[in-house]
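# Working through the structure, step by step
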Amino acid sequence: METIKRLLYTSLVDVSVPYGHGINERGFIKDMANRFGDHFKAVIPQPSKGIPDDLRKANISYLNYSKSSRKPFGWLESRLTGCLRLQALIKEFQPDLIVIRPGALPLPQIFSMRRFNIPFVLKTAGTGSFEAFYRRNYLRRILSGISEYLLRNLLNQCVAVDVASLMQLQSLTDLYPQVSDKAFVIDNGVDVAMFSTADGQRIRHRLNISDTDIVIGYVGAFPMSRGGKEVVDLVHLLRRSMPVKGLIVGDSGEADQCRKYIDKSGLSDLITATGQVEFEQVADFMSAMDIGLSILRPEKQHASEQKVRQYLASGLCVVGTQGSNDFLKGYDFARVVSGINISEITEAVLSLLKEGRPGLQKRAGQAKIFAQEALSIESKNNHRLNVWSQCLAGMK
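This is a predicted model, so every value here is computed, not measured.

### Some details on the pairing of strand β2 (residues 40–45)
For β2, the tally of buried residues reaches 6 of 6 residues, placing the bulk of the element in the interior. One ladder, built from 4 bridges, connects strand β1 (residues 7–11) with β2; its direction is parallel. Bridge pairing in β2 places Y9 opposite A42. Remark: the β1/helix α1 (residues 20–36)/β2 crossover connection has right-handed handedness. Where β2 lies against strand β3 (residues 60–63), 4 bridges are found, and the strand directions are parallel. Note on β3: the bridge partner recorded for I44 is Y62.

This is the structure in structure tokens:
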């Protein structure tokens, strides 16, 4: 097996954003910095919300990328400048392996890989499609075609590529069959220590939630589209038969819509929608819950479902939709449902509550143990490093 001594990581992800990509890449950088010390270097965009405290000691170079689509020349200039800076840093650092988190229009990465004869891998490549572009105007559809062309080039040249779920693997290999022999499923993992030691009681006290209240919750972006609406519907259905409350954390433009839905349902005394909170507070809010929801429509069920991993590490029972959550089938602390049918979701929640608070506490312990043993960032990166080493050895 080939030993990786110097590792360079680059992406276009903003690690200060407290959702999805930002959380995944922040955890990856933190773990690799702990493993490799100064022999690990990350080259990423300047965080829009400030440098996270847990990354301040890591060996990171920040690039200033313009995000304004209204200033296309400035946007392009920032990408070209970033490309030159990335190439200079690669030349200076001399890594054994380069890790790329691919995204839309990865110009700095594609031009840099063409210049250097250094093996590289793609991390968390997703489905291989750029559906966000398809929802917009004609120019966006053109840009999606360019992004797919650039990704195809990276996939052709990379040593290995990983995705977060079997559904993502199926999509990627359908679109790009040439990668089928070097594509792997590797879960993103979760910072178990952060979520398993959080203080949920403080949040419950602040929100006037008693020890006997059962809290059904959602944490993440787009709450009305991914589970927050179902929290409201469940509280409405169950409130007369049990002491149930709701807690919804997250925004991405839907927090106000969520609050209006709560008010319309007449449940403002039973459900709190906080909007976005700082990432450092997410674990405390999550630990104040008993059951966490992640409800996706069929076209979204390939998502990496980071929140579900966090729920489990926090000791929550989980109700999630099929697809990326299929790995939870058969476990007593989770229920996997087919979609957004509220009757099916209600039945799943009631099955978790059939033994009352003692049953929830038992399942909470099982969920935490499962997260520690199977979902930690460290274990997933061990897998990645083993795969990458084996692929590098196969090149010789």
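### Here's the deal with the pairing of strand β9 (residues 244–249)
With 6 of 6 residues buried, β9 is to be regarded as a mostly interior element. Because side chains alternate across β9, one face comprises the buried residues V244, G246 and I248, and the other comprises K245, L247 and V249, equally buried. Sheet topology note: the strand β8 (residues 214–219)/β9 ladder contains 6 bridges and is parallel. Looking across to β9, one finds that G217 is bridged to L247. A crossover connection joins β9 to the parallel strand β10 (residues 271–275) through helix α11 (residues 255–264); in handedness this β-α-β unit is right-handed.

### Focus on the state of the cysteines
Enumeration according to the criterion identifies 0 disulfides in this entry. Take C83: it sits in no disulfide, and the sulfur closest to it among the cysteines is that of C158, at 19 Å. Distance from the sulfur of C391, which forms no disulfide, to the nearest cysteine sulfur (C158) is 8.9 Å.

### Here's the deal with the side chain of E230
Relative to the assigned elements, E230 resides in helix α10 (residues 228–238). For the buried E230, which has no salt bridge, the nearest side chain bearing the opposite charge is K229, at an N-O separation of 5.2 Å. Beyond its immediate chain neighbours, meaning those up to four positions away, E230 contacts L293, I295, I340, I342 and I345.

### Thoughts on the layout of surface pockets
Estimated volume of the second largest pocket: approximately 350 Å³. Forming the boundary of the second largest pocket are 18 residues, of which Q201, S287, M289, D290 and R357 lie nearest the centre. Only α7 (192–196), α8 (200–206) and α15 (356–374) provide two or more residues apiece to the lining of the second largest pocket. When residues in the lining of the second largest pocket are grouped by element, the largest group, 5 residues, is from α15.

### Some words on unusual backbone geometry
Although it is not a glycine, T124 adopts a positive phi angle of roughly 55 degrees. Residue position: T124 is located in the loop between β5 (120–122) and α4 (131–134). For T124, a relative accessible area of 7% corresponds to the buried category.

About the thresholds
- As a convention, each chain's residues are numbered from 1 in the sequence order in which they are written.
- This being a predicted model, a pLDDT of at least 70 is required before a residue's local features are given, and a value of 80 or more before pairs of side-chain atoms are given or counted; all residues contribute to the totals for chains, interfaces and linings.
- Only heavy atoms go into the side-chain values, all of them from the structure, while hydrogens and water stay out.
- Relative accessible area decides the class of each residue, using a 1.4 Å probe on protein chains only: under 20% of the type maximum gives buried, over 50% gives exposed, and in between gives partly exposed.
- Each helix is a run of DSSP H or I of at least 4 residues and each strand a run of E of at least 2, with the numbering of both proceeding from the N terminus.
- If DSSP finds at least two bridges between two strands, the strands pair.
- By definition, the crossover connecting two strands over a helix is right-handed if that path, from the first strand to the second, turns clockwise as seen with the strands pointing away from the viewer.
- Here, a disulfide means two cysteine sulfur atoms that sit within 2.5 Å of each other.
- Residues scored as charged are limited to Lys and Arg (positive) and Asp and Glu (negative), so that His and the chain ends carry no count.
- Criterion for a salt bridge: a side-chain nitrogen of Lys or Arg within 4 Å of a carboxyl oxygen of Asp or Glu.
- Should any heavy atoms of two residues lie within 4.5 Å, those residues are counted as being in contact.
- We place a 1 Å grid over just the protein atoms. Points where a 1.4 Å probe fits but has no way out form a cavity, open points with protein on both sides within 12 Å along at least 5 of 7 lines form a pocket, and any residue with an atom within 4 Å of a point lines it.
- Grid points are joined across faces, edges and corners, and a volume is the space filled by probe spheres set on the points.

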